[in-house]
Amino acid sequence: MKSAPALTTVLLVEDHRVVAEGLWALLDEYDDLTVVGWADSVAEAVPMTEQLGPEVALIDYRLPDGTGAEAADRIRALDPTVAVVFLSADASDAALLAAVEAGASGYLLKSAGGDEIASAIRAAAAGETLIPARTLMEVLARHRETTRVFAEQTERLESLTSREQEILALMTQGVDNRAIADRLTISYATVRTHVRGILEKLDARSQLEAVAKAAEWGFRPAQPDPEAETNES
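Residues numbered from 1 in each chain as written. Predicted model: local features only at pLDDT ≥ 70, side-chain atom pairs only at ≥ 80, totals over all residues. Heavy atoms only, no water.

**Section: the sheet that holds strand 2 (residues 33-39)**
Part 1: As summarised here, the arrangement of the 5 strands in space is 2-1-3-6-7, forming an open sheet in which the pairing is parallel. Each edge of the open sheet carries a strand with a single partner, namely strand 2 and strand 7 (106-109). With strand direction ignored, the average angle separating the axes of adjacent strands in the sheet is 25°.
Part 2: As paired elements, strand 3 (residues 56-59) and strand 6 (residues 83-88) share 4 bridges and run parallel to each other. From the neighbouring strand, Val56 faces strand 6, where its bridge partner is Ala83.
Part 3: The sheet strands contacting helix 2 (residues 42-52) are strand 1 (8-13) and strand 2, and the helix crosses strand 2 at an angle near 140°.
Part 4: Contacts from helix 5 (residues 114-125) reach strand 1, strand 2, strand 3, strand 6 and strand 7, with the element oriented near 160° to strand 6. (Pairing = 2+ DSSP bridges. Helix = DSSP H or I, 4+ residues; strand = E, 2+ residues; numbered from the N terminus. Axes fitted to C-alpha atoms, helices over the stretch in contact; angles between N-to-C directions. Contact = heavy atoms within 4.5 Å.)

**Considerations on the layout of surface pockets**
Part 1: For the largest pocket, the calculated volume is near 190 Å³.
Part 2: The wall of the largest pocket is formed by 15 residues, among which Leu96, Tyr107, Leu108, Ile131 and Thr135 lie closest to the centre.
Part 3: Looking at the lining of the largest pocket, the elements with two or more residues in it are helix 4 (93-101), strand 7 and helix 5.
Part 4: If you tally residues by element for the lining of the largest pocket, the top one is strand 7, at 4 residues.
Part 5: By residue class, the composition of the lining of the largest pocket is 9 nonpolar, 3 polar and 3 charged. (1 Å grid on protein atoms, 1.4 Å probe; cavity = no way out; pocket = protein on both sides within 12 Å on 5 of 7 lines; lining within 4 Å. Points joined across faces, edges and corners; volume = space filled by probe spheres on them. Nonpolar A, V, L, I, M, F, W, Y, C, P; charged D, E, K, R; others polar.)

**Some words on empty space enclosed by the protein**
Part 1: Here the structure, examined in full by the defined rule, presents 1 cavity of 30 Å³ or more.
Part 2: Each pocket or cavity is described by its volume, and for the largest cavity that value is around 40 Å³.
Part 3: For the largest cavity, the full set of lining residues is Leu12, Val13, Glu14, Leu23, Leu58, Ile59, Asp60 and Leu87.
Part 4: Secondary structure elements with two or more residues in the lining of the largest cavity: strand 1 and strand 3.
Part 5: A breakdown of the residues in the lining of the largest cavity according to their chemical character gives 6 nonpolar, no polar and 2 charged.

**Describing the environment of Ala43**
Part 1: Position of Ala43 relative to the elements: it lies in helix 2.
Part 2: Classification of Ala43 as partly exposed rests on a relative accessible area of 48%.
Part 3: Each C-alpha atom of the pair Ala43 and Pro64 lies 9.7 Å from the other, and the pair is 21 residues apart in sequence.
Part 4: Excluding residues within four positions of it along the chain, Ala43 makes contact with Asp65 and Arg74. (Buried < 20%, exposed > 50% of the residue type's maximum accessible area, 1.4 Å probe, protein only.)

Right, dumping it as structure tokens:
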């Protein structure tokens, strides 16, 4: 007589009831998998893990009170033997890296088919890592480049003086140089000097490009300093 396959117990961490019920029904179709419970938040994931002792947690990345990575961190802090697989609509590098840092064995998109999800759960329960090293290397390289570019953009914006920030803020409102001079009660020549400084610091070839870069980089003008550059003419 053929023995029944060993069951792998699964906890669902998913805030959308319809999705959770669909996953539960889907996984029940596999003889070797059984869903033991469902948590709909980061806060609920830990007590459910403690109560049910699942072998694998299948976690959505976006939860109402935090991220799936936070849920995974808390689950694995409670019980490091619980394997974690993410099933998410978020395909960003940031989400994947956060999942890996939280100890995930796999990261699937919600477009994945039932067999793919079931295979990922089995592999995670067996201690396998489903995220290829090459994929991680590529994601890390993109992350480092994004971090470098962001740091450079921040450094360029922070290099602007208070007056340059003030003038750039007016430029973003569509105010021309002569109107800027009138509004700030400084000379037109002084405005032009500051504009040249802004273009140089933002590596822009025109005021329009400087405004576009400032918007893209999240420029927020500093609060006016009443004592700043009061001696300008």
